[in-house]
Amino acid sequence: MEGVEGLYKKFGVLADAKDKAGEYEEEYLSILSTISNGSDAEKRLCASFIPRFFKSFPNHQEAAFNAQLDLCEEEEAVIRREAIKGLPDLCKADPKLVSRMSSVLSQLLPIECHLDQTIVKHCLVQLLKQDTNAAVAGIVNQIVSGDESVGVPARKFFLERLADSDKYIPALQSDEKLKIFIIDQLDHMSRGGTYEEFVELMQVAGGIDRRKTVKSLTKLLQMDLPFDPANTEQLERFAMILPSVLKHHTKTNNTSAILKYFGSLLPVFTQIQSEEHKIMLLQGLAETVQSSITEEDAALCLDGIYSLLLTYLPENAPTDDEIEDPPSLNFSALECLLYALNRAASQVPAFLKEESRMTEITPKLNFVLRCCTCFAKRLKGSSIGEDTPDKVKLKTKAYKTCNNTKELARGLISTPLSYKSDTNFSWKVDLTNVTTSKRAPKPPVSPSPKRRRPSDSTSQRRAQQVYAPPQGRYSGNISGANGKEEGKRERKRY
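None of these values were measured; they are calculated from a predicted model.

Novice: Even after reading the chapter, I still don't get the overall build of the protein chain, so can you show me in this structure?
Specialist: Each helix and strand counted, the protein chain has 22 helices and zero strands in total. Once local pairs closer than 6 in sequence are excluded, the contacts in the protein chain between residues at least 24 apart make up 72%. Accessible surface, the protein chain as shown: approximately 25,000 Å² in total, 47% of it carbon and sulfur.

Novice: I keep staring at the confidence of the model for the protein chain and nothing clicks. Help me out?
Specialist: In this model, the protein chain carries an average pLDDT of 80, and 79% of its residues clear a pLDDT of 70 or more. For residues 437-441, every residue scores under 50 in pLDDT, and the model assigns this stretch eleven contacts once sequence neighbours within four places are set aside. Scored below 50 in pLDDT, residues 443-494 makes 110 contacts in the model with residues more than four places away or belonging to other chains.

Novice: Help me out: how do you make sense of the pattern of salt bridges in this one?
Specialist: Oppositely charged side chains can form a pair if their charged atoms are brought close together. Enumeration over the complete set of coordinates arrives at twelve salt bridges. In this structure, arginine 100 and glutamate 62 form a salt bridge, with 2.8 Å as the shortest nitrogen-oxygen distance. Here arginine 100, found in helix α6 (residues 98-107), pairs with glutamate 62, found in helix α4 (residues 61-72); they are 38 residues apart in sequence, far enough to count as distant. For arginine 100, a relative accessible area of 34% puts it in the partly exposed group. The salt bridge partner of arginine 80 is aspartate 116, with a shortest N-O separation of 2.5 Å. Taken together, the positions of arginine 80 in helix α5 (residues 77-93) and aspartate 116 in helix α7 (residues 114-130) put the pair 36 residues apart, joining distant regions of the chain. For arginine 80, a relative accessible area of 13% gives the class buried.

Novice: Explain the packing of helix α16 (residues 275-291) against helix α18 (residues 331-347) to me, please; I cannot follow it from the model alone.
Specialist: For any two helices packed against each other, the geometry is given by the interaxial angle and the distance between the axes. At a minimum axis separation of 9 Å, α16 and α18 run at an interaxial angle of 25°. Taken together, the axes of α16 and α18 lie roughly parallel to each other. Crossing angle aside, the handedness with which α16 passes α18 is left-handed. Contacts between α16 and α18 involve Ile279, Leu282, Gln283, Leu285, Ala286, Val289 and Gln290 from the former and Ser332, Ala333, Cys336, Leu337, Tyr339, Ala340 and Arg343 from the latter. Classifying every residue of the contact of α16 with α18 gives ten nonpolar, three polar and one charged.

Novice: Sorry, what's going on with the nonpolar core here?
Specialist: Generally speaking, a soluble globular protein has its nonpolar side chains buried in company with each other. Counting 71 residues, the largest nonpolar core has Phe238, Leu265, Ile305 and Leu341 as the members making the most contacts within it. Those elements giving two or more residues to this core turn out to be α14 (232-247), α15 (256-265), α16, α17 (295-312), α18, α19 (350-353), α20 (355-381) and α21 (389-413). Setting aside anything within four residues of it in sequence, one finds phenylalanine 238 in contact with Leu221, Met223, Ile258, Tyr261, Phe262, Leu265 and Leu281. One finds Ala17, Phe65, Leu124 and Ala154 within the second-largest nonpolar core, a separate group that totals 67 residues.

Novice: Please explain α14 as it appears in this structure.
Specialist: Think of an α-helix as turning once every 3.6 residues; residues three or four places apart then point the same way. Along its 16 residues, α14 runs 24 Å from first to last C-alpha, staying within 8% of the 22 Å computed at 1.5 Å per residue. Maximum bend of α14: about 30°, positioned at isoleucine 241, with proline proline 243 one to four residues after it. Most of α14 sits out of view: twelve of its 16 residues are buried. Those residues of α14 not exposed but buried are Gln234, Leu235, Glu236, Arg237, Phe238, Ala239, Met240, Ile241, Leu242, Ser244, Val245 and Leu246. Two to three positions downstream of the cap, the backbone nitrogen of glutamate 233 sits 3.3 Å from a side-chain oxygen, assigning the N-cap of α14 to asparagine 231.

Novice: Where do I start with unusual backbone geometry in this structure?
Specialist: Glycine aside, the phi torsion of most residues is negative, and most peptide linkages are trans. At the junction of threonine 415 and proline 416, the peptide bond is cis and its omega measures out at -5° in the coordinates. Assignment of secondary structure puts proline 416 in the loop between α21 and α22 (456-463). Backbone geometry places lysine 18, a non-glycine residue, at a positive phi of 55°. Mapped onto the secondary structure, lysine 18 falls in the loop between α1 (3-17) and α2 (25-37). Of the residues examined, lysine 18 reaches a relative accessible area of 64% and is grouped as exposed.

Novice: Looking at this structure, I do not really get the side chain of threonine 405. What am I missing?
Specialist: Note that threonine 405 resides in helix α21. Residue threonine 405 is classed as buried on the basis of its relative accessible area of 0%. If we skip the residues at most four places from it in the chain, threonine 405 touches Phe331, Leu334, Glu335, Leu338, Val368 and Cys372.

Novice: Even after reading the chapter, I still don't get the packing of aromatic side chains, so can you show me in this structure?
Specialist: Two descriptors summarise a pair of aromatic rings, namely the distance from one centre to the other and the angle between the planes of the rings. Under the definition given, this model contains eleven aromatic pairs. Note on tyrosine 28 and phenylalanine 57: the rings are 4.4 Å apart at their centroids and 5° apart in plane angle, and the pair reads as stacked. With tyrosine 28 in helix α2 and phenylalanine 57 in the loop between α3 (40-52) and α4, this residue pair connects regions lying 29 residues apart in the sequence. With a relative accessible area of 1%, tyrosine 28 lands in the buried category. A relative accessible area of 3% means that phenylalanine 57 is categorised as buried. Ring geometry for tyrosine 339 versus phenylalanine 425: centroids 4.9 Å apart, planes at 85°, classification edge-to-face. Residue tyrosine 339 is located in helix α18, and its partner phenylalanine 425 is located in the loop between α21 and α22; the two are separated by 86 residues in the primary sequence. Neither residue differs from the other here; tyrosine 339 and phenylalanine 425 are each classed as buried.

About the criteria used
- Residue positions are given per chain, counting from 1 as you read along its sequence in written order.
- Local features in a predicted model are, by the rule used here, given only for residues with pLDDT of at least 70; side-chain atom pairs are given and counted only at 80 or more, and totals for whole chains, interfaces and linings are based on all residues.
- The side-chain numbers reported here are obtained from all heavy atoms of the structure, hydrogens and water having been left aside.
- Each helix is a run of DSSP H or I of at least 4 residues and each strand a run of E of at least 2, with the numbering of both proceeding from the N terminus.
- The contact definition used throughout considers only heavy atoms, calling two residues in contact when any of these lie within 4.5 Å.
- Using a 1.4 Å probe, the Shrake-Rupley method yields the accessible areas, and only the shown protein chains count as cover for residues.
- Confidence scores per residue from the predictor, reported as pLDDT, run from 0 to 100.
- A carboxyl oxygen of Asp or Glu within 4 Å of a side-chain nitrogen of Lys or Arg is what we treat as a salt bridge.
- Burial classes follow relative accessibility: with a 1.4 Å probe on protein chains only, a residue under 20% of its type's maximum area counts as buried, one over 50% as exposed, and anything between as partly exposed.
- To obtain an axis, a line is fitted to C-alpha atoms, over the contacting stretch when the element is a helix, and the angle between two such axes runs from 0 to 180 degrees between their N-to-C directions.
- To sort the angles, those under 35 degrees are grouped as roughly parallel, those over 145 as roughly antiparallel, those from 65 to 115 as roughly perpendicular, and the leftovers as oblique.
- Rotating anticlockwise by less than a right angle from the far helix to the near helix defines a left-handed crossing, while the corresponding clockwise rotation defines a right-handed one.
- All amino acids are sorted into three groups, where Ala, Val, Leu, Ile, Met, Phe, Trp, Tyr, Cys and Pro are nonpolar, Asp, Glu, Lys and Arg are charged, and the leftover types, Gly among them, are polar.
- Here, nonpolar core refers to any group of buried Ala, Val, Leu, Ile, Met, Phe, Trp, Tyr and Cys residues whose side-chain atoms link them within 4.5 Å.
- A helix is expected to span 1.5 Å for every residue after the first.
- What is called the bend at a residue is the angle between a pair of axes, fitted to the seven residues leading up to and ending at it and to the seven starting from it.
- Here a polar contact is taken to be a pair of N or O atoms separated by no more than 3.5 Å, where protein atoms must pair a possible hydrogen donor with a possible acceptor and residues adjacent in sequence count only if both atoms sit in side chains.
- The rule is short: rings of Phe, Tyr and Trp, with Trp giving its six-membered ring, pair when the centres are within 6.5 Å, and they are stacked under 30 degrees, edge-to-face over 60, tilted in between.

The following block contains the structure:
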């Protein structure tokens, strides 16, 4: 008997046999062979019959697996959808197939039909609930090694389900080993991706388990390798990953290992060629000591911070009150190093009280203060109304950098010493709502006691100054600037 009726007869034989269905091998093989030349009605029946008896024929599972996949590629939508729905049933019969099946289903995500996509996603969720580890491994395999047409939708699906893990991956809330596994998979996904993609993945990882994320991210810093100032990839990787590590930092995750690494990095810092990389690392240093620091931590890097700071301070500091032609100072670097010195020295008060150090650094810092005042006046007096929004934001940020440098330097030469720890870093300032106006913006002012507001006459005098911004990471397109325009962080791949 052939056709649909014949298939139903064979199905009846297998169903009636129950646990002994495996004894009717001929009937099952006949169902498999129907796929190659059967009608649409027959193929639709095969799509539901193959998974039903898959477990009973272990010797023919590979053939049955491939037959079901062939049905998933049928042009007839009814057959295709029935076949896709049956894929998770194969995994119920043989759990070892979960990883392979999730990889196959991930390849079906780019399918154009919305209903087909919904079915594929539903099947993947079933596998995630059946064996999360294996299913995740299969999906990540396609994200990492598959074509972009597959990797992008697979990545989107995976991150969306992780974001709503209570619904889709309930075991994630209580299974500690699963948390570690998924965070490791996120790390794996980040290799070779862009910086923005890496940040997104680490945000997801932080939502899973902050403590374990820090531990996992710290491994990515590769601090077990000696720092090579000529290795661009190494220093880019460290500088880019460090902010994500610190973002997920808590008091239970101390930064001693990172500060120890900085202790070995700072002595060879000047050998780094790229100014952009230098600033990225110095910002990372400032954020690290801001996160948390103990006396033991400070001892790991305090000498290096002090020595490097001296290289950015002017060698000969004039004592004249007036500065007609101030030297170019890298305020971006000075802000970072002065903050790091403030935080580290506050844990070892005797460090800056040593007479030789105070004699060496005090006149230099006094000169920096006068330079800050001079540059701030020039920035305040520059024309803002005719500037583009980008230039206005750049000048606002330059003002913040200059002001921070001034406040941090002032504390280190005050009597008694006043260590600053509440600085709002210039690179963290939100410039979203900064716009052009007819008047120059007032400079951002760091908190300090008894600060008097300038009088109207003082403001008018400042408004007459000629604009000449400080050197550092500021725009070379602005008239009088010595540095280069700070752009968005390049999308590096590592």
